[in-house]
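Architecture at a glance
Residues per chain are reported as follows:
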Amino acid sequence: MTRADVLVIGGGGAGCSAALHLAQRGVRVVLLERGLVGGQATGVNYGGVRQQGRHPAGLPLARKSREIWSRITELTGSDIEFDPCGHLKLARSAEDEAELLRWNALAAEHGLRPRMIGRNAIREQHPYFSDVVIAGSLMEEDGSANPRLLAPALARAARAAGADIREHHAVTTLDHDGSAFEVMANGQRFTAPWLLNCAGFWGGAIAARFGEPVPIEKLHPNMLVTEPLPYFLRESLGVVGGDLYLRQIPRGNIIFGGGRGESDAEIRVTRPRPDAAFGAMQRAIAVIPRLRDAMVIRSWTGTDGEMPDHFPVLGASRTTPGLLHAFGFCGEGFQTGPGVGAVLSELVMDGATEVPLDAFDIGRFTAASGAV
Amino acid sequence: MKVVVVGAGPAGIRAVEQLVRAGVFPTWIEEGPDGGGRITQRPPAEFSRSHAALYGADAGRAKRLHAALDSLKARVDWRPDTLVWNIRPDARVLHTLTNGAAQDEVSYDAVILCTGAMDRVLPLPGWTLPGATTLGGAQTALKSQGVGIGANPVLIGTGPLLWLTALQYAKAGAKPAAVLDTTDLLTKARFGGGMLWNIPTLLRGMGLYASLKLRGVKMYEDVTPLAIEGVDKVTAVHWRDAAWKEHVTPCDAVALGWGLKPEAQLADLAGVPFDYDDTQQNWVPRKDAAGRSPVAGVYLAGDGAGIGGVDVAELGGARAALALLADAKLPSDMALSKHLDGRLRTERRFRAALERAFPYPARLASRMEDSTSVCRCEVITAGELRAAAAAEAPELNRAKAFSRVGMGRCQGRLCGTPAAAVLARALAVEVPEVGRLRGQPPVKPVPLQQVG
């Protein structure tokens, strides 16, 4: 039996960051990861460190996380290739342009300073865009990082700070006796008064285990990368509507995505889908015609969880004391992962956080049938 | 019943032959402009060199295979210049790219993957210099286009292909500067006995060796290659002999090759599990003796299903087709199946001895210097890979994530084998324990622009 103060299930960005922040405050924390850390949503996503376009209810969390991204190298002791290169969101119609203006006004209330780039300026600054692009909005402090490096770097730092990170520890049973959790993983028993549910799509099953089922769906982002091309694109790109996201790394490869991959019922295998790939390829060429002759060398996907209202489940359980949920990040968890871990550590240690979590309360799905 | 055969080498030809014989007319997809495979690689139609000149002792086989290929093409849905770049095993669909531009989908009830093999390499300092290629590449240039990689090439590696390529170059008028074999004579002699399972092939191998000696080609055993030298192109090979003496052999080209590895990406994408074959030191897709994979509707034959050579490819292709027919409750030649099973058993014994007699020098690969480039697409050195191991990469895919090894154009087809050797030694584990690079579509690059 391994005793701890906090058990974390799931070694993605949120779980590893929570382990790090807790260990830094002297907490005995054990993280249980079924495979290798960062093997699912945190490791396979686009790598966008983006606040732009988020719902206002999500901005305080994104702001807090962005502050951590500024010192991610010092925090982890590793280079995660974080580059505040700017996120440029493109309008392909007058309605798109109006949407950019609407969000920019909302963002200003949260202290963000996105900047509109009009028709002439965008043509001048980005001559490689086609006429499809009529305007854009630039969030200068947004950017990108290497998704493959984040969770391993956080885990390494957490381990150095004293956390016990257990890879290849799939959880087989979960119990709560009223005061403590008892978890079986990889044939070993773990117990702690706190349990952090950071299990991504599989977090839904953990919530259900404690009487809080939520309508979570699996989400498989369809990702592609080209061979290296001459470097021309500094900003990470998005579009209004979200059906294309695209960036170029200094090595020259274009990483882009759009649409969904697929999986079998038990999610033993996930696969990118050619039809989704073709759609993303066509949209990429429509925006940047010079990509026509580029070659795609690899495609991939992985598994994230998606909630019907596009908000994650983040905060205290309504059924079980000591249980905190942090899952279902709807494809937007890479940027917020470091911040989510910090918030979880505050909830455990301080009993509160400054970040408003009301919109993410699990009660929005479970209260109606039970408490009301 | 919709059957697709991927690949028109010896395995694909014999598979299609059996299908057609049973009245099943498949869609037959070949990546190259024509079929024939690698050992019996066909030159373009307008070339006039005879089979004897092109294939030497393989001329009879080449004639038979090419005749079968040509007669079968007309009877099936023949699709040359077509790359199968993805497979969706649940939907039973193949994604194809024709002439590098036109996308298409081909559905199937059953598919036979005869996807062949490629050279296995050992990265050396200078192996990316112009003038350095693989043994298979050097051979293909000669057979397909009638051009050599150089007038005085050095050939490095081990196995029958080393001698065969050297002899083909000598016969074509080149003067190989040296043939450097990394295997010692004792190892070859020790396992040579096992090759009595196929006496004609054993004799041919010995004949190759003798012919090279007769022609005065300098051959060395138990060699350690140290570097390929040159500034803008290959000018010499630096190597060490069995007595630990160093040599620099001037040359104008280099061909490298240590046996073959299966080109099994489609089997991987189809979800076929892989096992490490200790004898051939390769990851091999799982199949039964007849070529059935554990994935419904997917059959495997030829070197893509585990290196077996051209005899096994022909036998295995026919056998997989007969298994497919039997599984579909179509009439199939039971007597022939039984005969093929017996011959395949014998060939496997021969092959096991051959692989042991000419092993991949994983020892040399694992000890390469930190500055040597392992992954030529992404220019990742052995040192960077070892740094990934130090940063807690317990297996190859994690090392890829940390270091970018295998992330380039070839997707690890070339660097996968040596990278595994380097990583295993850095982690102080056996090579199979670091696993293999997971397949990801596309099998080979596809253009963004869609046509058709």
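Residues numbered from 1 in each chain as written. Chains lettered and ligands numbered in written order. Predicted model: local features only at pLDDT ≥ 70, side-chain atom pairs only at ≥ 80, totals over all residues. Heavy atoms only, no water.

1. A word on the overall build of chain A
When you go through chain A residue by residue, the secondary structure sums to 11 helices and 24 strands. Summarising its shape, the C-alpha atoms of chain A cover approximately 65 × 40 × 40 Å along the three principal directions. By residue count, 60% of the 372 residues in chain A fall in the buried class. Look at the contacts in chain A between residues 6 or more apart in sequence, and 73% of them connect residues 24 or more apart. Placing the 37 positive and 41 negative side-chain charges of chain A at their respective mean positions leaves the two points 3 Å apart. (Helix = DSSP H or I, 4+ residues; strand = E, 2+ residues; numbered from the N terminus. Buried < 20%, exposed > 50% of the residue type's maximum accessible area, 1.4 Å probe, protein only. Contact = heavy atoms within 4.5 Å. Lys, Arg positive; Asp, Glu negative; His and termini not counted. Charge placed at Lys NZ, Arg CZ, Asp CG, Glu CD.)

2. Notes on the nonpolar core
By size, the foremost hydrophobic cluster in this structure holds 97 residues, and its most contacted members are A:W69, A:L196, A:L344, B:I156, B:I228 and B:V254. Top contributing element to this core by residue count: helix α7 (residues 147-160) of chain A, with 8 residues. Beyond its immediate sequence surroundings of up to four residues, B:V254 is in contact with B:G131, B:A132, B:T133, B:I149, B:V154, B:I156, B:I228, B:V234 and B:V237. Listed in part, the 35 residues of the second largest apolar core include B:A110, B:A313, B:L315 and B:A320. (Core = buried A, V, L, I, M, F, W, Y, C linked by side-chain atoms within 4.5 Å.)

3. Observations regarding the packing of aromatic side chains
Counted under the stated rule, the structure contains 14 aromatic pairs over all chains. Centroid distance B:Y220 to B:W239: 4.7 Å. Interplanar angle 50 degrees. Geometry classified as tilted. With B:Y220 in strand β12 (residues 219-220) and B:W239 in strand β14 (residues 234-240), this residue pair connects regions lying 19 residues apart in the sequence. Judged by centre distance (5.3 Å) and plane angle (70 degrees), the ring pair of B:Y276 and B:W283 falls under edge-to-face. Judged by its relative accessible area of 21%, B:Y276 is partly exposed. The exposure class of B:W283 is partly exposed, given its relative accessible area of 23%. Aromatic rings pair up to connect A:W69, A:F82 and A:F334 into one cluster. (Phe/Tyr/Trp six-rings, centres within 6.5 Å; stacked < 30°, edge-to-face > 60°.)

4. Let's talk about the confidence of the model for chain B
Low pLDDT means the predicted coordinates in that region are not meant to be read closely. Per-residue pLDDT for chain B averages 94, and the proportion of residues at 70 or more is 100%. Predicted complex, confidence summary: ipTM 0.93, pTM 0.95. (pLDDT = per-residue confidence, 0-100.)

5. Details of the interface of chain A and chain B
Between chain A and chain B, the residue contacts involve 34 residues of the former and 34 residues of the latter. Between chain A and chain B lies a buried interface of about 2900 Å² when both sides are counted; carbon and sulfur atoms form 55% of it. The interface formed by chain A and chain B includes 4 salt bridges. One salt bridge connects A:R251 with B:E378, and the closest N-O pair in it is separated by 2.6 Å. (Buried area = accessible area lost by both parts, 1.4 Å probe. Salt bridge = Lys/Arg side-chain N within 4 Å of Asp/Glu carboxyl O.)

6. Details of the domain arrangement of chain B
Residues and elements named next belong to chain B. For chain B, the assigned domains are domain 1 (3-118 + 261-354), domain 2 (121-258) and domain 3 (362-434). Domain 2 and domain 3 are separated by 25 Å when their C-alpha centres are compared. At the junction of the two partners, domain 2 supplies 10 residues and domain 3 supplies 9 residues. A combined buried area of about 870 Å² lies between domain 2 and domain 3, and 71% of that area is made up of carbon and sulfur atoms. Joining domain 2 to domain 3, the criterion identifies 0 salt bridges. Summed over the shared surface of domain 2 and domain 3, the number is 2 residue pairs in polar contact (both at pLDDT 80 or more). Of the residues contributing to the side of domain 2 that touches domain 3, the split by class is 7 nonpolar, 3 polar and no charged. (Domains from an automatic or database assignment. Polar contact = N/O pair within 3.5 Å; in protein donor to acceptor, adjacent residues only side chain to side chain. Nonpolar A, V, L, I, M, F, W, Y, C, P; charged D, E, K, R; others polar.)

7. A short note on the state of the cysteines
Residue and element names in this part refer to chain A. Scanning the model with the defined rule gives 0 disulfides over all chains in all. C198 provides the cysteine sulfur closest to C330, a residue in no disulfide bond, and the two sulfurs are 15 Å apart. Classification of C330 by relative accessible area gives buried; the value is 4%. (Disulfide = S-S within 2.5 Å.)

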